[in-house]
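# Tertiary structure, described
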Amino acid sequence: MDAYALRRVYLEFFQERGHAVIGGASLIPEHDPSVLFTTAGMHPLVPFLLGEPHPAGRRLTNYQKCVRTDDILEVGDRVHLTFFEMLGNWSLGDYWKDEAIRWSYEFLTERLGFDAERLHVTCFAGDADAPRDDEAAMVWRDLGIPEARITFVPKKDNWWGPVGALGPCGPDTEMFYDMQPDGPIGETPAANQERFWEVWNDVFMEFDKQPDGSYIPLRQRNVDTGMGLERTLAALTGASSVFDTELFAPIIERAQSLARAADPYALRVVADHTRAATFILAEGISPGNLDQPYVARRLIRRAVRYGREMGIRGHFLGELAEVVVQIMGDAYPELMEHRDHIVSALHEEETRFQRTLDRGEREFIKAVTQARAADQNELPGAMVFRLYDTYGYPPELTEEMARREGLSADMEGYRRAFAEHQERSRRGAAARFKGGLVERSPQTTRLHTATYLLQAALRRVLGDHVEQRGSNITVERLRFDFTHPTRVTPEELQAVEALVNEQIARDLPVTWREMTLEEAREAGAIGLFEGRYGEVVRVYAVGDFSLEVCGGPHVEHTGALGRFRIIKEEGIGAGLRRIRATLEDTEESSG
Ligand code: SER
């Protein structure tokens, strides 16, 4: 079985069990300030897990592209990736643990032919917030999984969500496949990740995490499952790692053919990072210094660094990206559509990085000279971190280079500097989340409607090439990223602001109805159509001014918005602009 077939049989299996196939969402979350990327299939479904009816029904299934940058330093082992695909099925207040687990088991063992004897599972051990999940364990026992292959583990391992700080979450049961069935008896998944690969996670989302950290029951009990496509494919085909599947082998082969001294670990990093960067660029993003553009930059630079270490010369990422497009283009047509942008963005970033590397090289020589002058035989940890963070030098490489100069490198100090940096970013992310997606105050709802008016106004003033590339709403302001080749002039901004305020003054009604995507497109609605077909969606109309595919919520009349004001307009990457705006109360809006 190949990846294409695996996606298909998964969707078919759940379709046979009453699930509607829905399209995957963009990698850039819409209207969600909490995270930079879509990290799981459930992410775009949060409003529906909270109880809003989904137009396609209560049973859904899809495959979803995901990016998780937390794992970036794990990449290179057998299973970790920064970009991966998740196969998922959901019950929105419909079926519960029994069906979910039975179907997971049936799909793995009967449809895919996994050996039931090699299947291990974990269940939630219970704590003050929720009881031990004996219900899930009972289903597993009933299916024939013996006690020895069922482990109970605490919240840190068997509780999933929320995305960010608040929202739907719950205990889960995870399925692992034993990749070394001849290994020591009695070993459990928690103890050996190399041996036991987590392939699937069934989450029982019945809780809503509150700002004070407590968990209250959701309006409905949901099931959220996620199966890792790459791991499942590897386990299924007997590959020794995800990199030995058809999803990666051609990328690795191409990189290897360019390398003078190929190294298995470096090849994996190059392959993973090139693939992830290709998908991020396919969202219309270009490398930059903030947010998603920064992640693209970091991935590209790490790939170049590791490429160089293997003696690859000149530009090479564009060539590898072409291989990614060949492998993945059938499942993700957006790759073909954005192919030129992907290749040219990679080329430009490689050129820019070469200059940075030359500067890093000079930094390094300076640091070595200083250490020698001070009679020290160690390169400070802060310098190792600086070379890593600013110049993209992997720490092991700096260590190696230092050794060649007869110095050691303070790796302990590097790890401390790294941990401090992570703590700072974590705090940044927590601040970013304040008032996130699940925070549905009247103010965020008003800003959400204002975002639509803004987009429609931008298209009228600047032209139809304007497309949304990201949106972020807090209680204080909205932030909207969109495509536009040049700076937006003050006159244009004024015109946009005035046009939005005019619609507010008209007190237009906001209404919605359901239609198929094709009908929505016919009707001239804007929104994310890419790679989605036949789905029933909700289309919101703001009077005669805007028509958009969207899940809501919105105000009922635009008069409730108050006064719209643009605070700032800036460029955030090639062809990408960002506007921040607020709503100020007026008598009509607060009255
Ligand atoms: N949301 C869960 C996960 O990411 C199941 O899809 O593992």
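As the structure is a computational prediction, the values presented were derived from the model and not from experiment. (Residues numbered from 1 in each chain as written. Predicted model: local features only at pLDDT ≥ 70, side-chain atom pairs only at ≥ 80, totals over all residues. Heavy atoms only, no water.)

## Observations regarding the sheet that holds strand 18 (residues 576-584)
What the four strands build is an open sheet, ordered 12-13-18-17; its pairing is antiparallel. Each end of this open sheet is capped by a strand with a single partner; those strands are strand 12 (468-473) and strand 17 (563-573). Averaged over all adjacent pairs, the angle separating strand axes in this sheet is 20 degrees, with direction ignored. Relative to strand 18, strand 13 (residues 478-483) runs antiparallel, the two sharing six bridges. Counted as the bridge partner of F482 is R577 from strand 18. On top of the sheet, helix 16 (residues 442-462) reaches strand 12, strand 13, strand 17 and strand 18; it is set at about 30 degrees to strand 13, its chief contact. (Pairing = 2+ DSSP bridges. Helix = DSSP H or I, 4+ residues; strand = E, 2+ residues; numbered from the N terminus. Axes fitted to C-alpha atoms, helices over the stretch in contact; angles between N-to-C directions. Contact = heavy atoms within 4.5 Å.)

## Here we look at the packing of helix 1 (residues 3-16) against helix 6 (residues 229-237)
In contact at an axis separation of 10 Å, helix 1 and helix 6 are set at 110 degrees when each is read in the N-to-C sense. The angle between helix 1 and helix 6 falls in the class roughly perpendicular. Of the residues in helix 6, those touching helix 1 at A3, L6 and R7 are L229, T232 and L233. Its residues assigned to classes, the contact of helix 1 with helix 6 comprises four nonpolar, one polar and one charged. (Parallel < 35°, antiparallel > 145°, perpendicular 65-115°, else oblique. Nonpolar A, V, L, I, M, F, W, Y, C, P; charged D, E, K, R; others polar.)

## Thoughts on the nonpolar core
The nonpolar side chains of a soluble globular protein tend to be buried with one another. Ranked by internal contacts, the top residues of the largest apolar core, which has 135 residues, are W140, W200, I280, M328 and L379. Broken down by element, this core gets its largest block of residues, 10 residues, from helix 8 (residues 264-281). Formed by 33 residues, the second largest nonpolar core is a distinct cluster that contains L454, L478, I504 and F564. (Core = buried A, V, L, I, M, F, W, Y, C linked by side-chain atoms within 4.5 Å. Buried < 20%, exposed > 50% of the residue type's maximum accessible area, 1.4 Å probe, protein only.)

## Some remarks on the confidence of the model for the protein chain
Low pLDDT means the predicted atomic positions in that stretch should not be read closely. Across the protein chain, pLDDT averages 90, with 95% of residues at or above 70. Confidence drops under a pLDDT of 50 for residues 432-437, and excluding neighbours within four residues, the segment shows 19 contacts in the predicted structure. (pLDDT = per-residue confidence, 0-100.)

## Structural notes on the packing of aromatic side chains
Enumeration over the complete set of coordinates arrives at 29 aromatic pairs. On the basis of an interplanar angle of 85 degrees and a centroid distance of 6.0 Å, the ring pair of Y388 and Y414 is categorised as edge-to-face. Taken together, the residues span a long stretch of sequence, with Y388 in helix 13 (residues 381-389) and Y414 in helix 15 (residues 411-433) at a distance of 26 residues. An aromatic cluster is built from Y10, F13, F14, Y95, W103, F107 and W200, whose rings are joined through pairwise contacts. Here the basic side chain of R132 rests over the ring of F152, its NZ or CZ set 3.7 Å away from the ring centre. The ring of W512 is capped by R538, whose NZ or CZ atom sits 3.7 Å from the centre of that ring. (Phe/Tyr/Trp six-rings, centres within 6.5 Å; stacked < 30°, edge-to-face > 60°. Lys NZ or Arg CZ within 6 Å of the ring centre and 35° of its normal.)

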